[in-house]
Amino acid sequence: MSARTPAPQQRPAAPRRGSSRMRWRLLLRQARSGRGATVALLVIVAVTAAVFTAWPRLERGTFADEVSYQIATTPPTLRALTASTEGYPVDHAEGWQAWTESIDELVTEAGPELAAGTGTPRTSVTTAAVQMQIEHGKPDTFYQVAARLRADPDIGDYVTVAEGTAPEPSQWPTTMDALLTQTADQSLQPADVMLAEDTAEAMGLEVGDRFDLPVYFGRLPLQVSGIFTANDPGADQWQFQLNTLSPRIDNDPNRGLAATAMAYIAPDNLTWLTTAGDLHPETEVWVPVRPSATNAEALTAQMRALVATTHRLDTPGGSSGLSLEFSAGLITVLDRAIDRWHGTAAVLAMVAAGPIGVALAILALASRVVVARREITLALAHARGASGLQLRGLLGAEGALVGLPVAALGAAVATVAVPGSFQIGDYWLALVAGLAPGLFLAAARLPNLRARRGDLALRSASRWRWVAEVALVALTAAAVYLVVTRGVGASSSGTDPVAAAVPLLLALTVCVAAVRVLPLPLGALHAAARRGRGLSAFLGSARTIREGGLAMVPLFALVVGTAIALFATTMITTLQHGTDAGARAEVGADVRLTGERFSAEDVEAIGQVDGVTATTTVSTAPSVPLYQGDDYDRVTVYAVESSTQGEVQTDVPGAVELPDDFAELDQGTLRVVVSSTPVVAADKDPFLLFDEHVPITVVQQTDAAPGLLVQSTDWVLADLTQVRELTGLALLPRTVLVDIADDADAHQVLGELDSLLGDRATMESPAQSAADFSASPAAASMQAGFVAALVLCVLLAVAAIVMTLVLAAPARGRLLAVLRTLGVPPRTSGRLVAWETVPVVVAAMVSGTLVGLALPYLVAAGIDLRPFTGAQTQPPVVYDPLLLVGVLAALAVVLALCVWLATVVARRLSLSVLRIGEAS
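Cut-offs and rules
Residues numbered from 1 in each chain as written. Predicted model: local features only at pLDDT ≥ 70, side-chain atom pairs only at ≥ 80, totals over all residues. Heavy atoms only, no water. Helix = DSSP H or I, 4+ residues; strand = E, 2+ residues; numbered from the N terminus. Buried < 20%, exposed > 50% of the residue type's maximum accessible area, 1.4 Å probe, protein only. Pairing = 2+ DSSP bridges. 1 Å grid on protein atoms, 1.4 Å probe; cavity = no way out; pocket = protein on both sides within 12 Å on 5 of 7 lines; lining within 4 Å. Points joined across faces, edges and corners; volume = space filled by probe spheres on them. Axes fitted to C-alpha atoms, helices over the stretch in contact; angles between N-to-C directions. Parallel < 35°, antiparallel > 145°, perpendicular 65-115°, else oblique. Left-handed = near helix turned anticlockwise from the far one by under 90°. Contact = heavy atoms within 4.5 Å. Nonpolar A, V, L, I, M, F, W, Y, C, P; charged D, E, K, R; others polar. Expected span 1.5 Å × (residues − 1). Arc of directions from axis to C-beta. Polar contact = N/O pair within 3.5 Å; in protein donor to acceptor, adjacent residues only side chain to side chain. Phe/Tyr/Trp six-rings, centres within 6.5 Å; stacked < 30°, edge-to-face > 60°. Patch = residues over 30% accessible without salt bridge, like charges linked within 9 Å, V, L, I, M, F, W, Y side chains within 5 Å. Areas by Shrake-Rupley, 256 points an atom, 1.4 Å probe, with all protein chains shown as cover. Salt bridge = Lys/Arg side-chain N within 4 Å of Asp/Glu carboxyl O. Lys, Arg positive; Asp, Glu negative; His and termini not counted. Charge placed at Lys NZ, Arg CZ, Asp CG, Glu CD.

*Asks:* It is not clear to me how the overall build of the chain should be interpreted in this structure. Could you clarify?
*Replies:* The number of helices and strands found in the chain is 28 helices and 23 strands. Counting all 920 residues of the chain, 48% fall into the buried class.

*Asks:* Whenever I open this one, the pairing of strand β20 (residues 693-702) confuses me. Can you help?
*Replies:* Working note: regular strand, side chains alternate between the two faces of the sheet. As defined by bridge partners, strand β18 (residues 670-675) adjoins β20 across 6 bridges and the pair is classed as parallel. Bridge pairing links Ser675 to Thr702 in β20. Direction of pairing for strand β19 (residues 687-689) relative to β20: antiparallel, over a ladder of 3 bridges. Bridged to Phe687 within β20 is Pro695. A loop of 3 residues connects β19 with β20, the two strands running antiparallel in sequence.

*Asks:* Got a minute to help me understand empty space enclosed by the protein in this structure?
*Replies:* A probe matching the size of a water molecule, rolled over the atoms, marks out where space remains unfilled. Enumeration according to the criterion identifies 6 cavities of 30 Å³ or more in this entry. Approximately 90 Å³ is the volume attributed to the second largest cavity. Lining the second largest cavity are Met350, Val351, Gly354, Pro503, Ala507, Val560, Ala563, Ile564, Phe567, Val851 and Leu855. At the level of elements, α11 (330-373), α16 (497-517), α19 (552-587) and α26 (827-862) are the ones that each hand at least two residues to the lining of the second largest cavity. With 4 residues, α19 is the single largest residue contributor to the lining of the second largest cavity.

*Asks:* What is the right way to look at the packing of helix α13 (residues 388-417) against helix α14 (residues 428-443) in this model?
*Replies:* The relative placement of two packed helices comes down to the angle between their axes together with the axis-to-axis distance. Here α13 crosses α14 at 160°, and the two axes come no closer than 7 Å. In terms of orientation, α13 lies roughly antiparallel with respect to α14. Seen from above, α13 lies across α14 with right-handed handedness. Judged by residue contacts, Arg392, Leu395, Gly396, Gly399, Ala400, Gly403, Leu404, Ala407 and Ala411 of α13 engage Ala430, Leu431, Gly434, Leu435, Pro437, Gly438, Leu441, Ala442 and Ala443 from α14. Classifying every residue of the contact of α13 with α14 by side-chain character gives 12 nonpolar, 5 polar and 1 charged.

*Asks:* Sorry if this is basic, but what is going on with helix α10 (residues 296-307) here?
*Replies:* Each α-helix turn comprises 3.6 residues. Residues three or four places apart therefore point the same way. The terminal C-alpha atoms of α10 lie 16 Å apart, and with 12 residues this matches the ideal 16 Å at 1.5 Å per residue to within 8%. Turning to α10, its buried residues are Ala296, Leu299, Thr300, Gln302, Met303 and Leu306. Taken end-on, α10 shows its buried residues confined to a sector of 170°, consistent with a single buried face. Capping the start of α10, Asn295 holds a side-chain oxygen 3.4 Å from the backbone nitrogen of Glu297, two or three residues further along.

*Asks:* In this structure, what is going on with the pairing of strand β8 (residues 210-215)? I would like to understand it.
*Replies:* Pairing of strand β4 (residues 133-134) with β8 involves 2 bridges; the strand directions are antiparallel. Of the residues in β8, the one forming a bridge with Gln133 is Asp212. Following β8, the chain reverses through 2 residues before pairing antiparallel with strand β9 (residues 218-230).

*Asks:* Please clarify how unusual backbone geometry should be interpreted in this entry.
*Replies:* A negative phi angle is the norm for most residues apart from glycine, just as the trans form is the norm for most peptide bonds. Although it is not a glycine, Ser623 adopts a positive phi angle of roughly 50°. With respect to the helices and strands, the residue Ser623 is situated in strand β16 (residues 612-628). Although it is not a glycine, Gln667 sits at a positive phi angle of roughly 55°. Mapped onto the secondary structure, Gln667 falls in the loop between α21 (642-648) and β18. In this structure Gln667 comes out as exposed when scored by relative accessible area, which is 81%.

*Asks:* Even after reading the chapter, I still don't get the packing of aromatic side chains, so can you show me in this structure?
*Replies:* Applying the stated criterion to the full structure yields 6 aromatic pairs. An angle of 10° between the planes, with centres 5.0 Å apart, marks the rings of Phe240 and Trp286 as stacked. Placement of the pair is Phe240 in helix α8 (residues 237-240) and Trp286 in strand β12 (residues 282-287), with a sequence separation of 46 residues. Pair check on accessibility: Phe240 and Trp286 agree, each one buried. Within the aromatic cluster, the residues linked to one another by ring pairs are Tyr627, Tyr632 and Phe687.

*Asks:* For this particular structure, what's the right way to read a nonpolar patch on the surface?
*Replies:* Nonpolar side chains collect at one region of the surface, where Leu404, Leu431, Leu435 and Leu439 lie side by side and expose about 350 Å² of accessible area between them. For the nonpolar patch, the leading source of residues is α14, giving 3 residues. Inspection of the secondary structure puts Leu404 in helix α13. Overall, Leu404 belongs to the partly exposed group, its relative accessible area being 32%.

*Asks:* Would you take a moment to explain the pattern of salt bridges for this structure?
*Replies:* It is possible for side chains bearing opposite charge to pair when their charged atoms get close. Inspection of the entire model under this criterion finds 12 salt bridges. One salt bridge in this structure joins Asp426 and Arg57, with 3.7 Å as the shortest N-O distance. Of the two residues, Asp426 sits in the loop between α13 and α14 while Arg57 sits in helix α2 (residues 35-72), which places them 369 residues apart along the sequence. By relative accessible area, which is 3% here, Asp426 ends up buried. Residue classification places Arg57 among the buried positions, given a relative accessible area of 4%.

*Asks:* I would appreciate a short explanation of the side chain of Asp212 in the present structure.
*Replies:* With respect to the element layout, Asp212 can be found in strand β8. Among the residues examined, Asp212 registers a relative accessible area of 19% and is labelled buried. Apart from residues no more than four positions distant in its own chain, Asp212 is found in contact with Gln131, Met132, Gln133, Arg219, Leu220, Pro221 and Leu222.

*Asks:* Can you help me understand a negative patch on the surface in this one?
*Replies:* Together, Glu163, Glu197, Asp198, Glu201 and Glu206 line one region of the surface with negative charge. Ranked by the residues each element gives to the negative patch, the list is headed by helix α7 (residues 197-203), at 3 residues. With respect to the element layout, Asp198 can be found in helix α7.

*Asks:* So what exactly am I meant to see when it comes to the environment of Leu299 here?
*Replies:* Among the structural elements, Leu299 can be located in helix α10. By relative accessible area, which is 2% here, Leu299 ends up buried. Considering only alpha carbons, one finds Leu299 and Pro112, 187 residues apart in sequence, at a separation of 8.5 Å. Beyond its immediate sequence surroundings of up to four residues, Leu299 is in contact with Ile71, Glu113, Leu114, Ala293 and Leu334.

*Asks:* Can you help me understand the packing of helix α15 (residues 465-486) against α16 in this one?
*Replies:* Between α15 and α16, whose axes approach to 9 Å, the crossing angle comes to 140°. Judged on the interaxial angle alone, α16 and α15 are oblique. Of the two possible hands of crossing, α15 and α16 adopt the one that is left-handed. Of the residues in α16, those in contact with Arg465, Trp466, Glu469, Leu472, Val473, Leu475, Thr476, Ala479, Val480, Leu482 and Val483 of α15 are Val498, Ala499, Val502, Leu505, Leu506, Leu508, Thr509, Val512, Val515 and Arg516. Each residue belonging to the contact of α15 with α16 can be placed in one class, and the counts come to 16 nonpolar, 2 polar and 3 charged.

Rendered as structure tokens:
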């Protein structure tokens with residue numbers, strides 16, 4: 001055998017110069033391929049960035065609207081800065097300007113938000129009431145007439161002198177000795193005053209008439225120089241200066257009617273008011289607050305700082321160093337508005353977390369579609385020598401280059417569409433949306449030319465899947481535990497990230513559980529289909545089980561959408577019931593009427609209004625000494641009709657339940673219910689001191705008596721009949737509680753009561769409170785946020801279903817091609833697509849229902865909802881089964897229609913021709 005010469009060892013061929021160039025051409029070609037998928041990805045990025053940018057801007061704008069709404073619905077006298085002090089500020093015309101500038105300076109120094117939100121300061125000086133001695137006698141209508149003198153430098157802006165002239169400054173002496181001398185010899189010339197038209201008519205006075213005001217050293221002569229009418233009787237001005245356009249009428253049950261007139265003197269003639277001694281002039285200052293605010297927190301802080309300090313003002317010619325202590329009821333209103341908005345923002349943050357997570361998941365899925373559409377090109381580039389790092393770098397750079405400009409465009413559109421202040425924090429989520437395509441494309445699994453089946457393994461190929469799922473469940477449990485155990489505290493200025501993340505974590509956890517559990521019922525269906533004769537059910541169930549991982553993103557989107565629908569429905573129902581209960585507890589009945597006095601005829605007429613089933617009255621005796629031994633406290637005594645009080649307050653939460661024998665004396669003592677303070681000890685023989693001693697027996701002590709009290713902390717509740725008999729006082733009621741029949745039209749009853757009483761009574765009703773709640777921007781924004789989040793989630797879910805079907809289209813197309821070749825009818829393709837979507841939708845609706853029903857309990861456990869309802873306690877969660885079933889049915893119909901459309905699109909994307917050499 002001859003030896004063979006070994007073949008020369010072959011050297012690896014040197015790469016051709018065109019190889020690298022070809023590789024880069026392939027890379028550039030892949031960047032231009034799959035344009036439809038890229039366009040879809042960019043549209044999702046633009047919409048997501050726009051929504052992410054608009055959301056915080058809408059939040060701030062709605063917050064400003066809520067604050068402005070609360071300010072606007074607050075009575076002007078409550079929202080203004082007010083102060084009063086004894087003495088007078090100036091004694092000549094020039095001094096008023098300096099006085100106003102001093103107050104302006106105080107407001108300006110308090111802060112820019114307060115300075116920008118307030119109007120021109122107003123000041124008036126008013127004396128105590130002094131009995132009038134009219135030259136031609138008082139009207140017979142009144143047993144007594146009195147007058148108060150007032151100086152107001154700006155009153156001319158609000159009135160028109162209809163008869164006579166405005167008051168001229170008097171030349172009275174400003175020293176006591178001179179005034180005493182001229183009063184004694186009656187040489188004082190009458191000082192000019194002007195009266196309102198209705199006041200002059202009631203008092204029987206005309207221009208030129210004279211009257212005297214007696215003081216301790218004589219009489220001060222006055223003359224009516226003019227009669228005026230208001231330019232606008234409904235202006236806020238008259239709420240600060242009550243009993244000006246008409247006299248104050250007081251009704252004494254034992255003596256009759258008494259009238260007090262308001263008479264305006266020249267504004268630059270004040271010194272003699274103090275000289276006159278017992279006129280006791282009082283300076284009243286108010287600074288109107290406009291019904292709008294751009295920064296409620298700053299406005300509240302500046303108002304609080306202003307009212308916390310006593311301000312000393314020294315003006316030329318005024319009393320020596322007047323001190324002003326401002327008060328502002330608006331602070332409480334703003335605190336409530338801020339607390340309500342913080343609750344709104346917290347709830348909306350919980351709602352928004354779901355769509356944010358879904359949007360990011362959709363971006364990841366869209367990136368996966370882009371890579372799938374470039375599968376062949378990327379595989380060729382890899383085969384030609386492109387490294388995985390090069391491919392991922394090119395994909396990431398491409399995603400960033402196209403994602404960031406599109407995200408910037410979406411953010412810009414949202415900025416223009418939703419006007420408001422510019423804040424850099426509005427754009428960080430839009431930046432995330434712009435960077436997401438690059439990150440997801442770079443992290444995508446790269447294809448290669450080797451054919452493989454990815455649907456044959458029922459288990460995940462990743463060893464870390466169980467670790468991630470357990471970590472997710474543990475994180476969700478920890479977040480839920482923190483929210484539940486922490487409880488409801490005072491509202492804070494920031495959104496709790498743990499509470500905001502709970503819905504997203506719950507949805508993810510439920511989705512993981514659904515993906516794990518879904519193969520079980522599908523396996524049973526597949527087993528049943530295998531025994532049957534239908535091909536579609538057998539193939540569809542098999543493919544759904546094998547490719548179940550593809551359903552995770554649409555499942556997540558649908559779970560979040562379903563959960564938001566039920567969560568929103570339940571929260572709206574809960575807040576409406578809580579608001580009604582809070583308003584009913586505050587009002588104390590279906591209607592509460594409050595006025596100066598209600599006669600027996602008034603109460604009888606109220607009871608005869610059609611729809612009114614019962615009435616009860618509350619009479620008030622303020623500042624009554626409650627003695628215990630040698631010590632006493634002053635309390636307000638509320639005398640109620642115990643026989644009808646329980647009938648009217650049947651449905652009032654927390655209403656006081658009086659004992660059956662409450663209207664009877666207990667061994668000669670008056671049975672009473674008292675407030676928590678002061679503590680009344682029975683062994684100290686407590687008694688109330690009217691004109692007579694009234695011993696009492698405490699039968700109950702409670703913190704509140706809904707509807708029966710009017711802003712009183714220390715109070716005593718007693719039977720009206722017994723109080724009248726023991727004290728001899730008439731005690732006409734100031735409050736009437738009204739019960740309306742269940743089948744009556746509440747609005748019609750309120751209208752008839754308003755026509756009956758007019759402006760003699762203030763009317764409150766739970767129905768009006770509920771209407772005010774629904775009209776507030778906070779409530780409207782919460783409902784709009786629920787709807788927007790739901791619509792966004794449904795749209796994203798449909799997009800997820802479509803993209804998932806697109807990803808499955810190649811494998812489905814190959815299977816359909818084989819089936820068509822074997823003679824299977826075309827309708828099988830639609831059934832296979834339905835098997836890919838229907839189980840996901842059903843599982844998502846079941847899982848989302850569980851999440852949606854659980855979320856309201858977490859909200860009630862972690863977010864203070866009391867500012868919404870006005871109640872003292874957190875409202876309970878209220879489910880409306882019929883409404884929830886209706887919402888689920890409507891959602892099912894919408895999803896069915898969307899799935900049908902997605903199925904039509906997916907069927908068109910599926911291949912139908914079997915090519916030689918294709919995997920099947």
